[in-house]
Each structure stands twice: as C-alpha cells, then as structure tokens.
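As a plain string of letters, each chain reads:
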Amino acid sequence: MSELQTELLEWYFANARVLPWRDREAGTRDPYRTWLSETLLQQTQISRGSVYYTAFLEVFPTVQDLADAPLEAVLKLWEGAGYYARARNLHAAARVIAQHGFPTTLEGWRALPGVGRYTAGAVLSLSRNAPLPVVDGNVRRVLARLLVEPDPTETWLWVQAEQLIDSSQPGAWNEAMIELGATVCMPRKPRCASCPINSHCAAFHAARVDQIPAPKPRVAVKQIHAVALLITDGARVYLEQRALTGLLGGLHGVPLEVVASTRDDALAALLERYGLAATGEWVGKVAHTMTHRQFQLEVYHLTSSTALPLESPQHVALSKLDAKVLALSKLEALF
Ligand code: SF4
C-alpha cells in the first residue's frame, strides 16, 4: 500500500460517519442493502436517504419482497424522494434478481435496469470486495484536486480511480474517497489544513484548490406552463396514472395540459379531453422545479358531476408537484 492509501484509510476508519448501511463489523455487506442505499443516495441527501432506506427495509426486507410487490407500492414508498425512474428500475431489477440471483460480475450488474458503472462498482466492491473503482461527484473533485486536473473527462477519472484503488480493501477505499469528498474536500471551503492526504495533494501545494475542478457550464432550465384540473367531490379527487416511461412515470397526478398558445386554449383542450362542459373555477398557481424543468401551473377546480372515478389521494403515489396542486383543493383527506 502506498503512503497515500494508508493515510486515507486510517483516517476513514477513525472518522467515518455512522450510517445505517455501513456495517463494518459484519466485514462484508449484503448486496441488496448496498444496492438499495447506493441507488437512493445518487440523487438524495444522506439525511433524507437514511429515512427512505430504513422505511424501505421495513417494508421490503429482502429483494424477493421487493420483487413480489406491485410497482404502485414501491412508488408510494418512494414518494417525495424524486427521480422516480430509480424506483421503477429498482423494482424491475429486483424481479430479475429474484429469478436469477444477484449478479457477481460488473457486466451482470450493468445489464440490470438503471445500474451504471458507479452502482455496479459500489455494490461489488462493498459486498464482494471486488477491486472495482467508483467515480461520483465527490471522487471526481478529490481526484481533480489531488492531480491538478481542472477539467477532468470521464475517461480520465475512471483511469485514475482504477490506478489509485487499494485492491486489498476496495470497498473501504471507495467509501473513504467518497467520505473525504463529502466531509473534507468539499466544493467550497475544503478543509485542506486537516485533510489526511494534503501532503500528496498537488492542488494544495500549488495553491489552486479554489480553481479545481473548473465549474461545469450551467444547464438551462426549461420553463413549462400548463393548466391543471382539480376534479373533486369535496372528499376525493380524480387522479390518473402517468405513463410509465415519461416524466413522473407510474405516479398518479391531476390532468395537465401544456400551454402551447394561450391558457384558455389549453384549458378548453383539457376540458374537451375529459368530456367536461363546465369551465371550472381558477383556484391558484403552483410553481415547482424538477431537475432542469420549472413548472408553472394554473389550477382550475371543478366539482365532479361526471362519471370520472374519484379516489382518496392517500392511497396512491403522488409527486411533489401534484401534492402542491392538491393542497389547493382543501380536500378533507389531505388535512
Ligand atoms: S488537500 Fe484540500 S484539495 Fe487536496 S484533497 Fe485534501 S481537502 Fe481536497
């Protein structure tokens, strides 16, 4: 082991945060739990991810339990965590694993829905001690600074991560790199003075830490204007399940129509689609940002006198966008 590896691992073993999916006493980790935590943490902060992780294991303690559940139950549990494709893929992959067992190779894991090189490497290094690196945002930042590379490419990052990995303890090494990036080598104001590997860090020695890595170009936020219909009888609401492959796929939500020309045209098209004659009462606006989309919804309320099936919103999985729309309805079931 190099000096750098020894120093980082010693620091990690002494300072790693206690998290529900870390079980060093067991020596190896259950692949199901590791996969679940890695999937959850990809787009969710650790504190929130811990809550979802615990709730998931309570309801679905094994991969077989997850595979046996209907997708709706998985989405309901994922409600509020966002990036719902993760939940759909987790469920689809669990069904494959329940039939064929957990993969034991990088290729096997990557063949599962929603599993990329990061997740495959994380699960195999942590649960099977496979000498496979991981690169996430934290590792990217640490490597870029350690080696003074302001604009690291994906290829460069994976090559460096492969060369640096401690193959005797790959799982601990990967976690140590991530932990360092999350708690010491942060994007702003990194704690270089107390960093366990500062003597090896080229950016630190060159006094260029604040320039590396260079900021990524901002992705433009797409504005989406739409009208939404709240069709209620005072206690229940009309909700439809969104297409599995689209945005918020598989979740339930209120009918929406994107404004292509005018708001009145969009509302008329929406009413026509559901065979509704009344125009509805405007009840408010909802603004919501999702990844690179910003929604502005104009919400209209209709008291249902149609054959549309109404239901209690508590029994289905809703996105935060739809929860905000429903909050305008003052449905008793929500309060
Ligand atoms: S010395 Fe500073 S920039 Fe270098 S790895 Fe440590 S925290 Fe990051």
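In case you missed it, the structure is sitting above this.
Residues numbered from 1 in each chain as written. Predicted model: local features only at pLDDT ≥ 70, side-chain atom pairs only at ≥ 80, totals over all residues.

Would you explain the site of the ligand in this entry?
Within the structure, the ligand sits among 15 residues, and Cys185, Cys192, Cys195, Asn198 and Cys201 are positioned closest to it. If you list the elements that add at least two residues to the shell around the ligand, you get helix 9 (137–146) and helix 12 (202–205). If one sorts the elements of the shell around the ligand by residue count, helix 9 sits on top with 3 residues. Along the lines of polarity and charge, the residues of the shell around the ligand split into 12 nonpolar, 1 polar and 2 charged. (Near = placed C-beta within 6 Å. Helix = DSSP H or I, 4+ residues; strand = E, 2+ residues; numbered from the N terminus. Nonpolar A, V, L, I, M, F, W, Y, C, P; charged D, E, K, R; others polar.)

I keep staring at the packing of helix 2 (residues 31–41) against helix 8 (residues 117–128) and nothing clicks. Help me out?
The geometry of a pair of packed helices is captured by two quantities: the angle between their axes and the separation between those axes. In contact at an axis separation of 9 Å, helix 2 and helix 8 are set at 145° when each is read in the N-to-C sense. The element helix 2 and its partner helix 8 pack so that their crossing is right-handed. Residues Pro31, Thr34, Trp35, Glu38 and Thr39 of helix 2 form the contact with helix 8, whose participating residues are Thr119, Ala122, Val123, Leu126 and Ser127. The residue makeup of the contact of helix 2 with helix 8, split by class, is 5 nonpolar, 4 polar and 1 charged. (Axes fitted to C-alpha atoms, helices over the stretch in contact; angles between N-to-C directions. Left-handed = near helix turned anticlockwise from the far one by under 90°. Contact = placed C-beta atoms within 7 Å.)

Would you explain helix 5 (residues 71–78) in this entry?
What sets the pattern is the α-helix's 3.6 residues per turn: residues three or four places apart point alike. When helix 5 is considered as a whole, its buried residues turn out to be Val74, Leu75 and Trp78. Angularly, the buried residues of helix 5 cover 95° about the axis, an arc narrow enough to put them on a single face. Turning to helix 5, the residues buried within the fold contact helix 4 (63–68) and helix 6 (85–100). Count one or two residues on from helix 5 and you reach Gly80, which has phi positive near 90°. (Buried ≥ 20, exposed ≤ 12 C-beta atoms within 10 Å, placed from the backbone. Arc of directions from axis to C-beta.)

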